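# Topology and contacts: notes
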Amino acid sequence: MKVLKFGGTSVGSAARMKDVAKLICDGEQKIVVLSAMSGTTNSLVEISDYLYKNNRAGALERINALEQKYFDVIDELYSTAEYKAEGKQVLKSHFEYLRSFSKAVFTLFEEKAILAEGELLSTTIFQLYLKEKGENSALLPALDYMRIDKNAEPDTNYIAENLALQLEAQPDKTIYITQGFICRNIYGEIDNLQRGGSDYSASLVGAAVLADEIQIWTDIDGMHNNDPRIVEGTKPVPVLHFEEAAELAYFGAKILHPTCILPAKLNNIPVRLLNTMEPKAAGTLISTQINRGKIEAVAAKDGITAIKIKSGRMLLAHGFLRKVFEIFESYQTSIDMVTTSEVGVSVSIDNAKRLDEIVNDLKKFGTVTVDKDMVIICVVGDMPYENVGFQARVVNALKDIPVRMVSYGGSNYNISFLINATDKKRALNALSESLFN
Ligand code: ADP
Ligand code: ASP
Ligand code: MG
């Protein structure tokens, strides 16, 4: 069985939903994971913002505007009066639920329940459309099988067992529709897999059913060799190794959620990135196949802070790095890059929420310097150290750009640079020019 995931743009209007239906209705049994319609999760975040600020009128205004948008979708999507009426009934219950929050206290718990409405709406509306078309389909409620544990990590055994139960309960369906992004946490509360997490849902579902293939359908023809929002003339990469794709996703290639490759890799399930607007395009195949010695792509991760700890006592002082890393651990802050010298260590973090406390504690061990607004530029490909010359090519491309940190050797697949955010565009363009043109 295949698992197909369609992102927000792919289900962003009635017309797009009809295209998706055409793509998936081929008689083959499959699980289809849907995101919320594009813009919906952002609207729900905004509605929550108003409710946090106790501005109920503001929230209601946004809820009503969103509801109107959905009424228009329903009107265009269904052709019979019967289904239009049923669609309206669906919207009524979801939007009444949203409006009910404007009367009560508002916490993170309520916010997560509100955010889940995007995927609950898109899947319900879409499955009703399949029903109107006479397709043999069913809904698999993600809130009944997708669960995270106390560390907010997916509980893979629970997911596999409960998804299997749901499939066994209705074995004769051709198309199973389910929600991306949403899940329950260890307390049974509604939670989610973080923004962009529908990709992660798809690979968790794929791993749970040991799918033949996981397809991520989006608005571009595969993983491009650089960020198409910043560099002109980027090209799709036909083949990537799991490790290469994971590095690109983690280091900023927005087409994939940072952690979504792992479940597929662990179960050796190929992932194909495909374009809903251009279904015939080859896209990108992510598997164990690799192009030996080839630099495949470049990505950038924003919002990075660099921290340097200089200590006269680092030389010969075993245990220094442990003490430094323990401080980051105690503030639940993960480190992306590390570089060391005889007199100090530099690390980069992407979550600066606890920065002041971290810096305060680090001062016990040395002089601390902080650089904010930095970007990690990550060059990805098959680059074992015996393969002489690739560092020179990459470094040469960045010869005019101030580089704060360089990291290579953590894997054969990545060489990373930390630069100022203001140099990001120049660096990405220079790398494309020298590596791919
Ligand atoms: P979806 O809503 O389908 O999940 P996303 O917006 O999350 O889609 O991801 C697709 C977008 O990712 C593309 O439209 C593109 O602008 C952006 N993107 C960033 N880097 C890359 C890259 N290296 N290759 C392809 N797309 C990329
Ligand atoms: N709807 C969620 C978001 O916008 C999840 C996703 O689209 O992947 O972040
Ligand atoms: Mg996405």
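Residues numbered from 1 in each chain as written. Chains lettered and ligands numbered in written order. Predicted model: local features only at pLDDT ≥ 70, side-chain atom pairs only at ≥ 80, totals over all residues. Heavy atoms only, no water.

### Points about the packing of helix α1 (residues 14-24) against helix α3 (residues 56-77)
Short version of the rule: Axis lines are fitted through C-alpha atoms, for helices just across the contact stretch, and the angle between N-to-C directions can take any value from 0 to 180 degrees. Secondary structure elements are defined from DSSP: runs of H or I of at least 4 residues count as helices, runs of E of at least 2 residues count as strands, and each element is numbered from the N terminus. Note on angle classes: values under 35 degrees are labelled roughly parallel, values over 145 roughly antiparallel, values of 65 to 115 roughly perpendicular, and the remainder oblique. Here, residues are in contact when the closest pair of their heavy atoms is within 4.5 Å. Think of it as three bins: nonpolar holds Ala, Val, Leu, Ile, Met, Phe, Trp, Tyr, Cys and Pro, charged holds Asp, Glu, Lys and Arg, and polar takes everything else, Gly as well.
At a minimum axis separation of 9 Å, α1 and α3 run at an interaxial angle of 45°. In terms of orientation, α1 and α3 fall into the oblique class. Contacts from Ala14, Ala15, Met17 and Lys18 of α1 reach α3 at Val73, Glu76 and Leu77. Residues of the contact of α1 with α3, tallied by class, amount to 5 nonpolar, no polar and 2 charged.

### Some remarks on the site of ligand 1
To be explicit about the condition: Nearness here has a simple test: a residue counts as near a molecule or strand if at least one of its heavy atoms is within 4 Å of that partner. N or O atoms within 3.5 Å of each other form a polar contact, as long as, within protein, one can give a hydrogen and the other can take it, and as long as residues adjacent in sequence are counted only when both atoms are side-chain atoms. Here a cavity denotes grid points, spaced 1 Å and computed from the protein atoms alone, that fit a 1.4 Å probe unable to get out, and a pocket denotes an open set having protein on both sides within 12 Å along at least 5 of 7 lines; residues with an atom within 4 Å of a point are the lining. Cavities and pockets are treated as containing a molecule whenever more than half of the molecule's atoms lie within 2 Å of their grid points.
Neighbouring residues of ligand 1: 16 residues in total, closest Lys5, Thr218, Asp219, His224 and Lys254. Within the contact set of ligand 1, an oxygen atom lies 2.8 Å away from a side-chain nitrogen or oxygen of Asp219. Contact distances for ligand 1 include 2.7 Å between an oxygen atom and a side-chain N or O atom of Lys254. Its atoms largely coinciding with the cavity grid, ligand 1 occupies the largest pocket. The residue makeup of the shell around ligand 1, split by class, is 5 nonpolar, 6 polar and 5 charged.

### Here we look at the layout of surface pockets
The condition is simple: Grid points are joined across faces, edges and corners, and a volume is the space filled by probe spheres set on the points.
Taken as a whole, the largest pocket encloses approximately 1,200 Å³ of empty space. If you go around the largest pocket, you meet 49 residues; those closest to its centre are Gly196, Arg229, Lys254, Ile255 and Leu256. Contributing elements (two or more residues each) for the lining of the largest pocket: α2 (40-52), α8 (198-208), β7 (213-218), α9 (242-250) and β11 (295-310). Here the lining of the largest pocket takes 6 residues from β11, the largest share from any one element. Grouping the amino acids of the lining of the largest pocket by side-chain chemistry returns 18 nonpolar, 19 polar and 12 charged. Size it by volume and the second largest pocket reaches roughly 860 Å³. In this structure, the second largest pocket is lined by 22 residues; those nearest its centre are Ala152, Gln194, Gln332, Ser334 and Asn351.

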